[in-house]
Amino acid sequence: MKTKLTVFLFIVWSIISFGQTKTTAEEVNIKKSLTYFVNSIKDKKIDQAVRCIYPKFFAVVPKDQMTQLMNMTYNNPVYEC
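I will try to describe carefully the structure that is included in this document. Just so it is clear, the model here is predicted, and its values are computed rather than measured.

Attention shifts here to the packing of aromatic side chains. Taken as a whole and assessed by the stated rule, the structure comprises 2 aromatic pairs. Taken together, a centroid distance of 6.2 Å and an interplanar angle of 35° make the contact between F10 and W13 tilted. Of this pair, F10 and W13 both sit in helix α1 (residues 2-21), 3 residues apart, which is roughly one turn of that helix. What makes F10 exposed here is its relative accessible area of 51%. For W13, a relative accessible area of 55% translates into the label exposed. Ring geometry for F57 and F58: centres 6.0 Å apart, planes at 70°, overall edge-to-face.

Written as structure tokens, this is what we have:
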């Protein structure tokens, strides 16, 4: 009985851990999009980074205000590295 329980738990654990390792097309697209967004900010291309933001977000914060806010944040000479 103990052996059967151990084997069963090992099989369940293997299936669960294997299921976590698969990457889907959505995950790949999200990773590409996020990398593009971060690299745009790093390269100080704020307009390009703002275009990556989900369009419905601009119903809350206008696009020009978001661009201005990101410019103030990332192009601030006081916080230059």
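Now, onward.
On to the nonpolar core. Among the nonpolar cores identified, the biggest contains 8 residues, and these are I41, I46, A49, V50, I53, F58, M66 and M70. Counting only elements with at least two residues in this core, the list comes to α3 (46-51) and α4 (63-74). Per-element tally for this core: the top contributor is α3, with 3 residues. When near neighbours in sequence (up to four residues on either side) are disregarded, F58 contacts V50, I53, K63 and M66.

What counts as what
- Residues numbered from 1 in each chain as written.
- Predicted model: local features only at pLDDT ≥ 70, side-chain atom pairs only at ≥ 80, totals over all residues.
- Heavy atoms only, no water.
- Phe/Tyr/Trp six-rings, centres within 6.5 Å; stacked < 30°, edge-to-face > 60°.
- Helix = DSSP H or I, 4+ residues; strand = E, 2+ residues; numbered from the N terminus.
- Buried < 20%, exposed > 50% of the residue type's maximum accessible area, 1.4 Å probe, protein only.
- Core = buried A, V, L, I, M, F, W, Y, C linked by side-chain atoms within 4.5 Å.
- Contact = heavy atoms within 4.5 Å.

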